[in-house]
Every structure is written in structure tokens, then in C-alpha cells.
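Results of the structural survey
Single-letter residue listing:
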Amino acid sequence: LYRRYGLWFRLRKLILWLLGVYIAIPFLVKLCPAIQAKLVFLNFVRVPYFIDLKRPQDQGLNHTCNYYLQPEEDVTIGVWHTVPAALWKNARGKDQLWFEDALGSSHPVILYLHGNAGTRGGDHRVELYKVLSSLGYHVVTFDYRGWGDSIGSPSERGMTYDALHVFDWIKARSGDNPVYIWGHSLGTGVATNLVRRLCERETPPDALILESPFTNIREEARSHPFSIYRYFPGFDWFFLDPITTSGIKFANDENVKYISCSLLILHAEDDPVVPFQLGKKLYNIAATSRSFRDYKVQFVPFHTDLGYRHKYIYRSPELPRILREFLGKSEHEHHH
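Calculation criteria
Residues numbered from 1 in each chain as written. Predicted model: local features only at pLDDT ≥ 70, side-chain atom pairs only at ≥ 80, totals over all residues. Heavy atoms only, no water. Helix = DSSP H or I, 4+ residues; strand = E, 2+ residues; numbered from the N terminus. Rg over C-alpha atoms; globule rule 2.2 N^0.38 Å. Buried < 20%, exposed > 50% of the residue type's maximum accessible area, 1.4 Å probe, protein only. Contact = heavy atoms within 4.5 Å. Areas by Shrake-Rupley, 256 points an atom, 1.4 Å probe, with all protein chains shown as cover. Lys, Arg positive; Asp, Glu negative; His and termini not counted. Charge placed at Lys NZ, Arg CZ, Asp CG, Glu CD. UniProt positions renumbered as here; feature names shortened; annotations may be inferred. Pairing = 2+ DSSP bridges. Axes fitted to C-alpha atoms, helices over the stretch in contact; angles between N-to-C directions. Parallel < 35°, antiparallel > 145°, perpendicular 65-115°, else oblique. Left-handed = near helix turned anticlockwise from the far one by under 90°. Nonpolar A, V, L, I, M, F, W, Y, C, P; charged D, E, K, R; others polar. Patch = residues over 30% accessible without salt bridge, like charges linked within 9 Å, V, L, I, M, F, W, Y side chains within 5 Å. Salt bridge = Lys/Arg side-chain N within 4 Å of Asp/Glu carboxyl O.

Overview of the overall build of the chain
- A count of helices and strands for the chain gives 12 helices and eight strands.
- Whereas a compact globule of 336 residues would reach a radius of gyration of roughly 20 Å, the chain reaches 22 Å, a difference of no more than 12%.
- Expressed along its principal axes, the backbone C-alpha trace of the chain runs to roughly 80 × 45 × 45 Å.
- Counting over 336 residues, the chain shows a buried share of 51%.
- Contacts in the chain between residues far apart in sequence, at least 24 positions, make up 75% of those at least 6 positions apart.
- Surface exposure of the chain reaches about 16,100 Å², of which carbon and sulfur atoms provide 57%.
- Counting 39 positive and 35 negative side-chain charges, the chain places the centres of these two groups 8 Å from one another.

Below you can see the structure in the form of C-alpha cells.
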């Protein structure tokens, strides 16, 4: 009896302690909005951990060059440029200048903006670069300031500025080749910020592809599977307002009203991170927006049975056809 009482006492202590922590966390987040910003960016999560980002060939990317660009004075970002598979043999042993010149070869370019956590060397990201390269695209991707081996502090403004800098760097070298922007997850927020800016200065990309997008960061945080607090009284005040206070909006739903270029949205029905209905909702906003009047807006769902979840759409055998049909159309618009 005594032992059972001791066990119950310890268990009760543990439950009270856990309850205390559970109740303390919202107050901690409210007092220190930087915590919430860190949870949005997750830039401190380096997965896979042991890779050398200077050596993309270690990830099986033999036709990829690693660059460093400087968007602002105290900011340096690490960039990978994978050439189309057709140029693979020529690319061996070549230096950065050769790769930069190759952007002018008659192949379209995709600027890939990755989501939170991890680096440009993340497994599912590398697999997508391989697929896109095999389809004849240059793929340029980078780690935002504060991610991977890029130097600087993460912020929405900074991430968008980094993307703008890389886009301009590509355009300065790619001649008349089409340049497409592909954002995944949190990267869709950077992508629409970027494309809205490009459209406002009348240099839109040739198309925008959003993979697993949300409407805005508040709606995403509210429906994220990790938000065990969503039924907590004052959830918005405790958790969502600090995100806004930190200057983080990623307002895809607002941005699409100012974007005028072809838009393709890809979303898996079984996405556990960004709910499918948020991607669908974003599509409905874009499809009825006047800014897309003269452009193609397409939504491609991937059935739950396929198991693509949040980051495996690259596995779809349909993807090459979807891209060929969609981008073929936007290239056609681009030239007329």
C-alpha cells in the first residue's frame, strides 16, 4: 500500500508539473515573441546534420555548383545551382564562371524557395532538384539568411530580400530564358512576397508554382498539427499575436491579389503540416482575383492514397506531364 501511495504521489507530482509547464508556455511566448518567430522559422534545425553544404556532390548532385552571394552588407547566402541533366557531362570539373554562363544556355530556370527547418541540402529538396534537372531545368536554390551556412538573422523581410537578390542575379545571366519561381511550404510565403514585388516593378517571373501553400501564417499556425494549444482560451492572443508582433505575416491570400503571372498550386490531400483546405482556399482566392484575368491558374490535388503528405509530391510520376503542360502554356504566353 505504501509503495502504491508513493507511486501515486510521484505520478501526481509529475502531472502537476506537466500542467504547470503547459500553462506557463503561453505566457512565456507572449512575453517573448522571439520564441514564436523561432518556431515559425525552425532555422536552428539542421537536418541532415552532417552534410557539407560546400559539397553538393556528396548528395548525388554531380552537376551542381555551390556559390555564395551577398544580398546586403552583413549577409552572405549559400546557393546551389544544378544544371539540366543534358549538360551533366560538360559540367564535370567546371568552375563557378562556367555555371553562371550556363544560365544563358537555352534552358528554363527554376528558382526554388524551400520551407522552414533544414537546409538547401534536405533530402526531399535534393530529390526534387534531380527531378527538375532531368526535365531540362536549371535549378537555383539557396538558404535564407540564418539557415544552413548563410549568415544573418532570419526575418520575413530578409528572406524576401534574399530571394529578390537571387532572382535578379539569375535574370542578369539567363538572357531570354523563362524563369519560374517554385515555393514549398513556408517558402510559398517568400515566393508570393517576391512575385508581388516583381509584378509591382513590372518584371514578373514567367510562372509561379506553389507546393503545399497556406493562406497566411496565422491560419497556418492555427491549423498546424503541433498547435496543441489551439483550444486554449486566448489562443490568438497568446500565440498568433506574437507572430504578427514579430513582423511575420506571409500573407499569400493578400499577395495573390497583386500577382499577374501564371499560377500552379500543388497540394497533397493527406498533408499533415499544411492542411489541404488551406491550399484549396488560396486557389479559390487567386482564381477569382482580377490580377489573374489574363493568366492561367491551376490547382492540382494529389489523392490521399498516394501518400505524398507534405514533401513527397516530387515522387509523382504525373509531375513531369503536369509541369510540361502548365509551363508549356506559360512559355507560350511569355513569347506572345
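Some remarks on the UniProt feature "domain: AB hydrolase-1" (unreviewed entry) in the chain
- Mapped onto the present numbering, the UniProt feature "domain: AB hydrolase-1" (unreviewed entry) falls at residues 108–213.
- End C-alpha atoms of residues 108–213 are separated by 23 Å, and the span's content is 41% helix alongside 20% strand.

Comments concerning the sheet that holds strand β2 (residues 75–82)
- Reading across the sheet, the eight strands line up as β1-β2-β4-β3-β5-β6-β7-β8 and stay open at both edges, with mixed pairing between neighbours. The open sheet terminates on both sides in strands that have one partner only, identified here as β1 (64–72) and β8 (297–302). Neighbour to neighbour, the strand axes of the sheet diverge by 20° on average, direction disregarded.
- Of the pairings in the sheet, the one linking strand β6 (residues 207–211) to strand β7 (residues 262–268) comprises five bridges and is parallel in character. In the sheet register, leucine 208 faces β7, and the bridge partner there is leucine 263.
- Running over the sheet, helix α6 (residues 156–171) touches β1, β2, β3 (109–113), β4 (138–142) and β5 (179–184) and is turned about 120° from β1.

Description of the packing of α6 against helix α7 (residues 186–200)
- As a packed pair, α6 and α7 sit with axes 9 Å apart at the nearest point and diverge in direction by 60°. Considering their axes alone, α6 and α7 lie oblique with respect to each other. Along this stretch, α6 crosses α7, giving a crossing that reads as right-handed. Across the interface between the two elements, Glu156, Met159, Thr160, Tyr161, Ala163, Leu164 and Phe167 from α6 touch Leu186, Val190, Asn193, Leu194, Arg197 and Leu198 from α7.
- Its residues placed into classes, the contact of α6 with α7 shows nine nonpolar, two polar and two charged.

Thoughts on a nonpolar patch on the surface
- On the surface, a cluster of nonpolar side chains totalling about 1,000 Å² of accessible area is made up of Tyr5, Trp8, Phe9, Leu11, Leu14, Ile15, Trp17, Leu18, Val21 and Ile25.
- Secondary-structure assignment places leucine 11 in helix α1 (residues 2–31).
- Residue leucine 11 is classed as partly exposed on the basis of its relative accessible area, which comes to 43%.

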